[in-house]
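So the chains spell out like this:
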Amino acid sequence: MNFLGSDPFWRSPLYLDEDIQIKKLLLTHDPDGRCLDSELLLRAIQYIILYSEVPLTPLVSDLQFDAMAISDESNIEATISQEPLGHVIYKISLQMRCKWPGEDDLHMRTMFLFDLLGKYKWDAKMVIVLAAFATNYGEFWLLRELCPRNPLAVSIAMLKQLPNDLSTLKPRFKALNFLIKNMVDVTKCIIKFEGLPLSHVELDKEVDVTKSNIYVSAYWVTRSALACSSLISDLIAMKPENLDSTIIATWELLSLVCRSSSIWSHLRQQVDLCHEQIERKMCQKLLELFKESPINNQEVLHMLFASMDDLPLKDCSSQEKLGVSELENKVVVLLISKPELLPIEELLFLVQQTYDHPLNKNYKGNYEIVWFPISYSDTWTDAEVRCFNFFSNYMPWYSIRQPWLHSSAVVNSMKQAWNYKGEPLMVVLDSRGMVTNSNAIDTVISWGVWAYPFSASIEEQLWEEQNWTMQLLIDNIDPLLASWVEEDRDLCIYGSENQEWIQEFISKMKEIKSTGVQLEMVYVGNRNRPDDHVRNILASIAEEKLTGSLSFTTTQFFWLRLESMRRSKLRLRKTADNDHILDEVSALLDFSDSGWAVIGKGSSTDILQLQGKELMQCLNLFSQWGNNVAKLGFSGAIRSALEPSSLPGPCSHSTVIPYAEGLIEGTVICEKCKRPMKKFIVYE
């Protein structure tokens, strides 16, 4: 295998014994773990090259936008070891621009650059070399573009004696652009190979072959960058009549273009082959791990977070880099989503139900949420990187630190194992790394940290222990509502889009309350109405102090939780016919916009749902049933009026309510005769 060719012009010591020269390259290679986001830095380099090839003036605004995007997004390390990245790039660019006495040999200069970059990995070496060249190349074209209209640029160009007319050099610059494109393509292959999780699976001999190709490719990218820099430097004081040197330089560049094209083509095939093997083996290994019973979660998590970096995670609240060991013996909840994460109201509610939940302090340190964003495509866009950086800087949980560097094998395995198709998932791994819930997002939104450790069995258990009560309906979405439920007050929550109906309903309820009925009323908006309409109604109620109301955000939380409750029940294969809670939740979600109310109190199962017309008819007959409120409670009195007993005499129906700590005594309405039941105490 010989990528070096036999052109007389390119004869150098490297042609005489390729293996010896590879060994010399490896002697310069002594990486010390310095981290550099090569892919993101290469993106910045490509912007420079792109805008150096086109007229500057029409594209200034776009260039500024993209430059800001790179600056805002960048997770490129500001310092590497004790040496700032900018200083490293400047040092290399200086070596590329200057030919010191006795250093005319391109091969010797190439090897000298490898000596300077010995502490970096191969992908980092390449992007630093390209960055150094791009700064020289970009400065040259920036000066050229500014010259006609900027006196400072004209003066600098004059001092450098740059030629005024570059038309005779078009063939040379065309060859230069081809060569730069090939250098970038080869570097992309090297970055892709360096990003493969080679430590997690064993490959065939292809890895050794590919590594040899990487070494040779790195040499020629560096040598080509030096040749391109020399071309720019040689333009200083170049005389227009020196046509022969221009032709020779163009052929030299074209020779490098042919060589780099051959190198890229072969390297791409080798890297793709390694990638396919790794993806196949990692998918198989991950799927097997999900089925096994590991001793702890470290092996599974190391596979899931396989990355170029030993610190693949970050604490979003502190921006601290973290290793997988931080999750040892903890329940890990993988929040898998698009880079945009969740709609803002869902995101805020998820935070409220976890890190802001009153019970979270009891479980702090026992579990961690780790955000694992997945791009729409194989390549992350600038917009996706910006979204990730924004959300990962403000959320209270952990996240993947550089998701664009993550192994596609892992991403594809997750999609396959958990049927991820773009909708957010919360996959729960217990402290041993076993998957205990393939999607707990509705569990977490419905129950918050009550559902810890968020397994599917806990979800089912929680539902089995619940009755349809105001306590279940309200939960902890609002502190005031929660206190009313805890105090066992009669509570009416209502909603409508019709402001006239709301005014009529409130007026009637105020009339009823004036008789001494103790009842708290809260408007919770409407599920299907536009935001502005609900906001206007909330503002009107608050301004006139008609009843209590929630904030607009809290009304959204209320409906989000109801939707999650329904999905949770449906996931457990419940139906409205065989599950009372699902029936009631579905009825609430499907209520019309004309008006409705839910009336009940605390943990009582006597909870009543009525829609607009029926509700108003019943309230207008308050004089006929109002005397029962003291004995039956408000909801019980309404129920007795709506569902009078069909039994003329005494009813023999009985029911047993098991004692539980914190159980609040109250009136129980008979399911058959709709009359209050007499209480007896039974000891076992």
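Residues numbered from 1 in each chain as written. Predicted model: local features only at pLDDT ≥ 70, side-chain atom pairs only at ≥ 80, totals over all residues. Heavy atoms only, no water.

- Looking up the protein chain in an unreviewed UniProt entry gives the name Protein SIEVE ELEMENT OCCLUSION C, with the organism given as Castanea mollissima.

1. Structural notes on the overall build of the protein chain
Thought 1: Assigned secondary structure in the protein chain consists of 27 helices and 14 strands.
Thought 2: A separation threshold of at least 6 residues defines the contact pool for the protein chain, and within that pool the share at least 24 residues apart is 75%. (Helix = DSSP H or I, 4+ residues; strand = E, 2+ residues; numbered from the N terminus. Contact = heavy atoms within 4.5 Å.)

2. Section: the pattern of salt bridges
Thought 1: Considering all chains together, one arrives at 14 salt bridges under this definition.
Thought 2: Across the salt bridge formed by Asp30 and Lys119, the nearest N and O atoms sit 3.0 Å from each other. Of this pair, Asp30 sits in the loop between helix H2 (18–28) and helix H3 (38–52) while Lys119 sits in the loop between helix H6 (106–116) and helix H7 (122–146), and the two are 89 residues apart along the sequence.
Thought 3: Taking the relative accessible area as the measure of exposure, Asp30 reaches 43% and is therefore partly exposed.
Thought 4: Residues Asp185 and Lys181 are paired through a salt bridge, measuring 2.9 Å at the closest nitrogen-oxygen approach. Linking Asp185 with Lys181, this pair stays in helix H9 (residues 170–194), spanning 4 residues, or about one helical turn.
Thought 5: Under the relative-accessibility criterion, Asp185 is labelled buried at 12%.
Thought 6: One salt-bridge network, in which partners are shared between bridges, spans Asp442, Arg567 and Arg571. (Salt bridge = Lys/Arg side-chain N within 4 Å of Asp/Glu carboxyl O. Buried < 20%, exposed > 50% of the residue type's maximum accessible area, 1.4 Å probe, protein only.)

3. Quick look at the sheet that holds strand S14 (residues 608–611)
Thought 1: Ordered in space as S12-S11-S10-S13-S14, the 5 strands form an open sheet in which the pairing is mixed. Bordering the open sheet on either side are strand S12 (548–549) and S14, each of which pairs with just one other strand.
Thought 2: Examined bridge by bridge, strand S13 (residues 596–601) and S14 share 4 bridges and lie antiparallel to one another. Among the inter-strand pairings, Ile599 is bridged to a residue of S14, identified as Leu608. (Pairing = 2+ DSSP bridges.)

4. Brief notes about helix H18 (residues 456–464)
Thought 1: Buried residues of H18: Glu459, Leu462 and Trp463, and no others. Looking straight down H18, one finds that the buried residues subtend no more than 95° of arc, so they occupy a single side. Among the exposed residues of H18, those pointing more than 90 degrees away from its buried face are Ser457 and Glu464.
Thought 2: Contact partners of the buried residues in H18: strand S9 (435–437), helix H17 (441–447), helix H19 (470–474), helix H23 (552–571) and helix H24 (580–589). (Arc of directions from axis to C-beta.)

5. Quick look at the environment of Leu256
Thought 1: With respect to the helices and strands, Leu256 occurs in helix H11 (residues 243–291).
Thought 2: Since its relative accessible area comes to 2%, Leu256 is described here as buried.
Thought 3: For the pair Leu256 and Leu179, spaced 77 residues apart in sequence, the C-alpha separation works out to 7.0 Å.

6. Side note on the packing of H7 against H9
Thought 1: Relative orientation of the contacting elements H7 and H9 amounts to 155°, with a least axis distance of 9 Å. As judged from the angle between their axes, H7 and H9 are roughly antiparallel. Here H7 and H9 pass one another in a crossing that is left-handed. Residues Trp122, Asp123, Met126, Val127, Leu130, Phe133, Tyr137, Phe140 and Trp141 of H7 lie in contact with H9, whose contacting residues are Phe173, Leu176, Asn177, Ile180, Met183, Val184, Thr187, Ile190, Ile191 and Glu194.
Thought 2: A breakdown of the residues in the contact of H7 with H9 according to their chemical character gives 15 nonpolar, 2 polar and 2 charged. (Axes fitted to C-alpha atoms, helices over the stretch in contact; angles between N-to-C directions. Parallel < 35°, antiparallel > 145°, perpendicular 65-115°, else oblique. Left-handed = near helix turned anticlockwise from the far one by under 90°. Nonpolar A, V, L, I, M, F, W, Y, C, P; charged D, E, K, R; others polar.)

7. Brief notes about unusual backbone geometry
Note on backbone geometry: most residues besides glycine have negative phi, and most peptide bonds are trans.
Thought 1: Cis geometry is adopted by the peptide bond preceding Pro453, which originates at Tyr452 and carries an omega value of 10°.
Thought 2: Along the polypeptide, Pro453 turns up in the loop between H17 and H18.
Thought 3: Within the chain, Gln319 stands out as a residue other than glycine whose phi angle is a positive 65°.
Thought 4: Looking at the element boundaries, Gln319 is found in the loop between strand S3 (313–315) and strand S4 (320–322).

8. Concerning the packing of aromatic side chains
In this description, a pair of aromatic rings is defined by centroid distance and the angle of the planes.
Thought 1: If you walk through the whole model with that rule in mind, you get 27 aromatic pairs.
Thought 2: With a centroid separation of 4.7 Å and an interplanar angle of 35°, the aromatic rings of Tyr363 and Tyr452 are classed as tilted. Of this pair, Tyr363 sits in helix H14 (residues 360–363) while Tyr452 sits in the loop between H17 and H18, placing them 89 residues apart in sequence.
Thought 3: Its relative accessible area of 21% is what places Tyr452 among the partly exposed residues.
Thought 4: Geometrically, the ring pair formed by Tyr367 and Phe454 is edge-to-face, given 5.2 Å between the ring centres and 70° between the ring planes. Remark: Phe454 occurs in the loop between H17 and H18 and Tyr367 occurs in strand S6 (residues 367–373); sequence separation between them is 87 residues. Note on accessibility: Tyr367 and Phe454 belong to one class, buried.
Thought 5: Each residue in the set Trp371, Trp380, Phe388, Phe390, Phe391, Tyr394 and Trp404 is aromatic and connected to the rest through ring pairs, giving one cluster.
Thought 6: The ring of Trp264 is capped by Lys181, whose NZ or CZ atom sits 6.0 Å from the centre of that ring. (Phe/Tyr/Trp six-rings, centres within 6.5 Å; stacked < 30°, edge-to-face > 60°. Lys NZ or Arg CZ within 6 Å of the ring centre and 35° of its normal.)

9. Some words on the sheet that holds strand S5 (residues 331–337)
Thought 1: Here we have 7 strands laid out as an open sheet, ordered S4-S3-S7-S6-S5-S8-S9, and mixed in their pairing. Two strands close off the open sheet at either side, each with one partner strand: S4 and S9. Mean inter-strand twist for the sheet, computed between neighbouring axes without regard to direction, equals 30°.
Thought 2: The pairing of S3 with strand S7 (residues 398–400) spans 3 bridges and is classified as antiparallel. Considered in S7, the bridge of Leu313 is made with Ile400.
Thought 3: Packing against the sheet, helix H16 (residues 408–418) makes contact with S5, S6, strand S8 (425–429) and S9, and its axis sits at approximately 95° to S5.

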